[in-house]
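Each chain, written out:
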Amino acid sequence: MRIFAADMDDEKREDLRQKLEAFHTWPSVYIYKFIFPTDIDKLAELKERFPEDVEYSLKSSSTGKYTSVTIKEMVLSADVIFQRYEDVSEIEGIISL
């Protein structure tokens, strides 16, 4: 399931923005979660879309076919979150959770 999508309509985007605003006081730590077929190049692409100072946590599936990544980032607004998900959506095979 993709929570954020680059092609999301304005109404759904605004609904998500309101939920983020209600839950967070900015700046705030936001936790992103992604899963993708294990590939070091995909991980590198993902890391390129975030600042160097974010906290990464990796976990491989039991078969090693997939990797899940949890990223914690201090963000200043919901706009940053939307931009990160849009940037990551350009990477083929990565699923936002």
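The model shown is predicted, which means the values in this text are computed figures rather than measured ones.

Draft legend 1. Quick look at a nonpolar patch on the surface. A surface patch of nonpolar side chains, about 270 Å² in accessible area, is lined by Val29, Ile31 and Met74. With respect to the element layout, valine 29 can be found in strand E1 (residues 28-37). On the accessibility criterion, valine 29 (44% relative accessible area) is partly exposed.

Draft legend 2. Spatial organisation of the packing of aromatic side chains. By the definition in use, this model includes 7 aromatic pairs. Considering the side-chain rings of tyrosine 32 and tyrosine 85, the 5.3 Å spacing of their centres and the 55° angle between planes classify their relative orientation as tilted. With tyrosine 32 in strand E1 and tyrosine 85 in helix H3 (residues 78-88), this residue pair connects regions lying 53 residues apart in the sequence. On the basis of relative accessible area, tyrosine 32 is assigned to the buried category, the value being 0%. Given the relative accessible area of 2%, tyrosine 85 is considered buried. One aromatic cluster is present, built from ring pairs that chain together Tyr30, Tyr32, Phe34, Phe50 and Tyr85.

What counts, and at which threshold
- Residues numbered from 1 in each chain as written.
- Predicted model: local features only at pLDDT ≥ 70, side-chain atom pairs only at ≥ 80, totals over all residues.
- Heavy atoms only, no water.
- Patch = residues over 30% accessible without salt bridge, like charges linked within 9 Å, V, L, I, M, F, W, Y side chains within 5 Å.
- Areas by Shrake-Rupley, 256 points an atom, 1.4 Å probe, with all protein chains shown as cover.
- Salt bridge = Lys/Arg side-chain N within 4 Å of Asp/Glu carboxyl O.
- Helix = DSSP H or I, 4+ residues; strand = E, 2+ residues; numbered from the N terminus.
- Buried < 20%, exposed > 50% of the residue type's maximum accessible area, 1.4 Å probe, protein only.
- Phe/Tyr/Trp six-rings, centres within 6.5 Å; stacked < 30°, edge-to-face > 60°.

All quantities given are derived from atomic positions and should not be read as evidence of function.
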